[in-house]
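Read off the chains here:
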Amino acid sequence: MKKLITLSMISFAATGAHAQTSKQIGLMTDYLFRGITQTDNNLAAYFKATEQVGNAYGGIHFINIDTSDDAEGLPVEMDVSFGYNNQFDGFNIDLEVITYNYLVDEKGDETEFKIGTSFGYNLDLALYRGVKKKTWYPELSYEALLSNRLYLDASIGYWMPDDSNDTALTVRTELGRDFPELYGVDIYAAIDFISDSTPFGGTNDQDDSNTELVIGVRKNF
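Residues numbered from 1 in each chain as written. Predicted model: local features only at pLDDT ≥ 70, side-chain atom pairs only at ≥ 80, totals over all residues. Heavy atoms only, no water.

### A word on the sheet that holds strand β6 (residues 73–87)
In spatial order, the strands read β1-β4-β5-β6-β7-β8-β9-β10-β11-β12-β13-β14; together these 12 strands close into a barrel with antiparallel pairing. Neighbour-to-neighbour, the strand axes of the sheet open up by a mean angle of 20°, direction not taken into account. Of the pairings in the sheet, the one linking strand β7 (residues 92–104) to strand β8 (residues 110–118) comprises 7 bridges and is antiparallel in character. Across the sheet, Asp94 pairs through a bridge with Gly116, a residue of β8. (Pairing = 2+ DSSP bridges. Helix = DSSP H or I, 4+ residues; strand = E, 2+ residues; numbered from the N terminus. Axes fitted to C-alpha atoms, helices over the stretch in contact; angles between N-to-C directions.)

Now the structure itself:
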């Protein structure tokens, strides 16, 4: 992880371009990662910061997670990412490395590689490869600005673990609005669906689908 952060700093500095930094804090009724709850369907609070220099970008993200009572460490997930959005004549290839680091002993870290591209009509297509858990996750996402300061985000993805016969379809639709009169706070509601809430098999495999309503607020700085 330290090597990744160092590499990100060197790459940003080497571009010599002006950096654009953004920060966000938020609170939501559940932290769902691609349809799977990470907080046992309880509240989650997070902070994230992103920086972009030219076509290069990186970020860090802290969020609470659910752990057992006898776990040692902080029940916090820290994600660090670095990517480069290669721009060509009429298309792009977005390459990114994401590390999921857990500050508690009972969860193992993970690293993902992403390759993606953008289409017209605000559509993005990405393929994620999990290194340690050996997973594939293709995802198609869409975002649009609506009238009256409303926005719509939607995505559809598919869990494909190498070491499990299970797969899972995920769908997320989010409708939100920003409120300038409330210092620019965003309020949103999202519906998350997963066709198998335990797509990695194991002793707790139930093969049950799950649909959940998530409500959240966030503030950009």
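### Examining the pattern of salt bridges
One pass over the structure, following the stated rule, counts 10 salt bridges. A salt bridge links Lys114 to Asp94; the nearest nitrogen and oxygen atoms lie 3.0 Å apart. Residue Lys114 is located in strand β8, and its partner Asp94 is located in strand β7; the two are separated by 20 residues in the primary sequence. Both residues of the pair, Lys114 and Asp94, count as buried. Between Arg172 and Glu174 there is a salt bridge whose closest N-O contact spans 2.9 Å. For Glu174, a relative accessible area of 5% gives the class buried. Ionic contacts of the salt-bridge type, sharing partners, join the residues Arg172, Glu174, Asp186, Asp192 and Arg218 into one network. (Salt bridge = Lys/Arg side-chain N within 4 Å of Asp/Glu carboxyl O. Buried < 20%, exposed > 50% of the residue type's maximum accessible area, 1.4 Å probe, protein only.)

### Structural notes on the packing of aromatic side chains
Applying the stated criterion to the full structure yields 6 aromatic pairs. Residues Phe88 and Phe91 carry aromatic rings whose centres are separated by 5.0 Å and whose planes lie at 20° to one another, so their mutual orientation is stacked. We classify Phe88 as partly exposed; its relative accessible area is 44%. Here Phe91 falls in the partly exposed class, since its relative accessible area comes to 44%. What links up through ring pairs into an aromatic cluster is the set Phe33, Tyr100, Tyr128, Tyr137, Trp159 and Phe200. In this structure, Arg34 packs its charged tip against the face of Tyr128, placed 4.5 Å from the ring centre. (Phe/Tyr/Trp six-rings, centres within 6.5 Å; stacked < 30°, edge-to-face > 60°. Lys NZ or Arg CZ within 6 Å of the ring centre and 35° of its normal.)

### Some points on the side chain of Asp196
Along the chain, the position of Asp196 falls in the loop between β13 (185–194) and β14 (210–220). It turns out Asp196 is buried and unbridged, and the closest side chain with the opposite charge, Lys133, is 14 Å from it. At 3.0 Å, the side chain of Asp196 and the backbone nitrogen of Thr198 are in polar contact. If sequence neighbours within four positions are ignored, Asp196 has contacts with Asp166, Thr167, Ala168, Asp205, Asp207, Asp208 and Ser209. (Lys, Arg positive; Asp, Glu negative; His and termini not counted. Polar contact = N/O pair within 3.5 Å; in protein donor to acceptor, adjacent residues only side chain to side chain. Contact = heavy atoms within 4.5 Å.)

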